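Spelled out from the first residue to the last, the chains are:
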Amino acid sequence: MKQVRKTTPLVRNLLSVAGFIALIYLSSCEKSPVQPPPSTITSEVNSANSASALPAQVRPNVAYGTGALQVMDIYLPAGRNHTTKVMVMIHGGGWEGGDKRDMAHLVAPLQAKWPEAAIVNINYRLTSNPAVHHQEIMNDIKAAVNYIINNKNSLAVSDTLAMIGASAGAQLALLYTYTQNSNNAVKCVADVFGPCVIDDWSWYNSFNIFAGKSVKEILTKYNGATWETNPAIYAANSPYRQVRANSKPTIIFHGVLDPIVPLYQSQWLNAKLTQLGVPHEYYEYLGFHELNPTQVSIFADKTVNFFKRYIRL
């Protein structure tokens, strides 16, 4: 058997020192990565690095116009930068009522599913003001979108948007995305039990009552005319009539027991999107004109997955 030669403590110390010196020598011989001089680092890179350190922030009641209702709540995520996507939420209320507070319960579930995204929850002028009709509301949505785009650098977000609307807000989100999206900022849209067939004669003449008013009264105020005097505007304001083969990807949710907006309107929209080959998803759930907590969680999960799939189109 070969004898193992033992080393004394002194020898071991000398060997350790020698190894350390050799390590220093080898390290000094390695070529350091070439770093560009400070003057060559672009301001864009500096800006991105700076933005990545930004904390989460909520900016309530940010004005995008001069009216009392032309305000929005902006939820900015931590670490945002020029690639951060934005979800714009539009409340319902029959175009004459409601408030962005009605959509606030969706913020946390959406943030949980997509923490990297920003959320903008808007108010808009209402038809409870006799001077406000469809066009004034559309102008408000356009002004809110333009505010986001024009201030994307100070907000540290992108100009790539998705829209979410509930009830009348869903009709507005669909109509804006399908007909007003001239800058192509909005890439996809979520419709939560929205009335998409405004020129639905049977619904117009139904006995449905919402907030103490008939459907006819509500639609007349929104369109600024009765069906009999201006049927064309009812068709023009119907997202179902405005869908084209190149319309933006759309996800739809509707309760099968909805007493306010007929389920068949969403079914018709789903069928037309299918016929035209527009990317879309359609979900019916057991419920009314609302989402319960479990349905909110499912809505947030499916909507975020849908948006992530199509928001770059």
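Residues numbered from 1 in each chain as written. Predicted model: local features only at pLDDT ≥ 70, side-chain atom pairs only at ≥ 80, totals over all residues. Heavy atoms only, no water.

1. Observations regarding the side chain of T160
Working step 1: You can see T160 is positioned in the loop between α5 (152–155) and β5 (161–166).
Working step 2: Exposure remark for T160: the relative accessible area of 16% places this residue in the buried category.
Working step 3: Once residues within four sequence positions are removed from consideration, T160 is found in contact with K85, V86, A185, K187 and I311. (Helix = DSSP H or I, 4+ residues; strand = E, 2+ residues; numbered from the N terminus. Buried < 20%, exposed > 50% of the residue type's maximum accessible area, 1.4 Å probe, protein only. Contact = heavy atoms within 4.5 Å.)

2. What about the packing of aromatic side chains?
Working step 1: Across all of its chains, the model carries 11 aromatic pairs by this definition.
Working step 2: Centre to centre, the rings of W95 and Y222 are 4.4 Å apart; their planes meet at 15°, and the pair counts as stacked. With W95 in the loop between β3 (86–90) and α3 (107–113) and Y222 in helix α8 (residues 215–223), this residue pair connects regions lying 127 residues apart in the sequence.
Working step 3: Judged by centre distance (4.9 Å) and plane angle (55°), the ring pair of F306 and Y310 falls under tilted. With F306 and Y310 both in helix α12 (residues 293–310) and four residues apart, this pair spans about one turn of that helix. A single burial state applies to F306 and to Y310, both of which are buried.
Working step 4: Put simply, the rings of W201, Y204, W227 and Y234 touch in pairs and so form one group of aromatic residues.
Working step 5: Looking at K272, its charged tip hangs above the ring of Y240, at a distance of 4.6 Å from the centre. (Phe/Tyr/Trp six-rings, centres within 6.5 Å; stacked < 30°, edge-to-face > 60°. Lys NZ or Arg CZ within 6 Å of the ring centre and 35° of its normal.)

3. Structural notes on the pattern of salt bridges
Note on pairing: side chains with opposite charge can pair once their charged atoms come close.
Working step 1: Counted according to the given criterion, the structure contains nine salt bridges.
Working step 2: Salt-bridge contacts for R101 lead to D99; the nearest nitrogen and oxygen are separated by 3.6 Å.
Working step 3: The salt bridge partner of R309 is E281, with a shortest N-O separation of 2.7 Å. Within this pair, whereas R309 is found in helix α12, its partner E281 is found in strand β10 (residues 280–285), the two being separated by 28 residues in sequence.
Working step 4: Taking relative accessible area as the criterion, E281 reaches 17% and is therefore assigned buried.
Working step 5: One salt-bridge network, in which partners are shared between bridges, spans E96, K213 and K221. (Salt bridge = Lys/Arg side-chain N within 4 Å of Asp/Glu carboxyl O.)

4. Focus on helix α11 (residues 263–276)
One turn of the α-helix equals 3.6 residues, which is why residues spaced by three or four share an orientation.
Working step 1: Taking 1.5 Å as the rise per residue, α11 with 14 residues should run 20 Å; its terminal C-alpha atoms sit 20 Å apart, in good agreement.
Working step 2: Restricting attention to buried positions, one finds in α11 the residues L263, Q265, S266, L269, N270, K272 and L273.
Working step 3: Along its buried surface, α11 packs onto α6 (168–180), β6 (186–192), α7 (201–204), α10 (239–242), β9 (250–255) and β10.
Working step 4: Just downstream of α11 lies G277, where phi reads positive at about 75°. (Expected span 1.5 Å × (residues − 1).)

5. Comments concerning the pairing of strand β2 (residues 71–76)
Working step 1: Along β2, six of the six residues are buried, which leaves the element largely enclosed by surrounding structure.
Working step 2: Because side chains alternate across β2, one face comprises the buried residues V71, D73 and Y75, and the other comprises M72, I74 and L76, equally buried.
Working step 3: Here strand β1 (residues 57–63) runs beside β2; their pairing, made up of five bridges, is antiparallel. Along β2, the bridge assignment pairs R59 with I74.
Working step 4: Pairing between β2 and strand β4 (residues 118–122): four bridges, direction antiparallel. Of the residues in β4, the one forming a bridge with Y75 is I119. (Pairing = 2+ DSSP bridges.)

6. Digging into α12
Working step 1: The end-to-end C-alpha distance of α12, which contains 18 residues, comes to 26 Å, matching closely the 26 Å that a straight helix rising 1.5 Å per residue would cover.
Working step 2: Considered for burial, the residues of α12 that qualify are Q295, V296, F299, A300, T303, V304, F306, F307 and Y310. Looking down the long axis of α12, one finds its buried residues gathered within 165° of arc, a one-sided arrangement.
Working step 3: For α12, the elements touching its buried residues are β3, α3, β5, β6, β9 and β10.
Working step 4: Among the residues of α12, the N-terminal cap falls to N292, whose side-chain oxygen and the backbone nitrogen of T294 are separated by 3.0 Å. (Arc of directions from axis to C-beta. Polar contact = N/O pair within 3.5 Å; in protein donor to acceptor, adjacent residues only side chain to side chain.)

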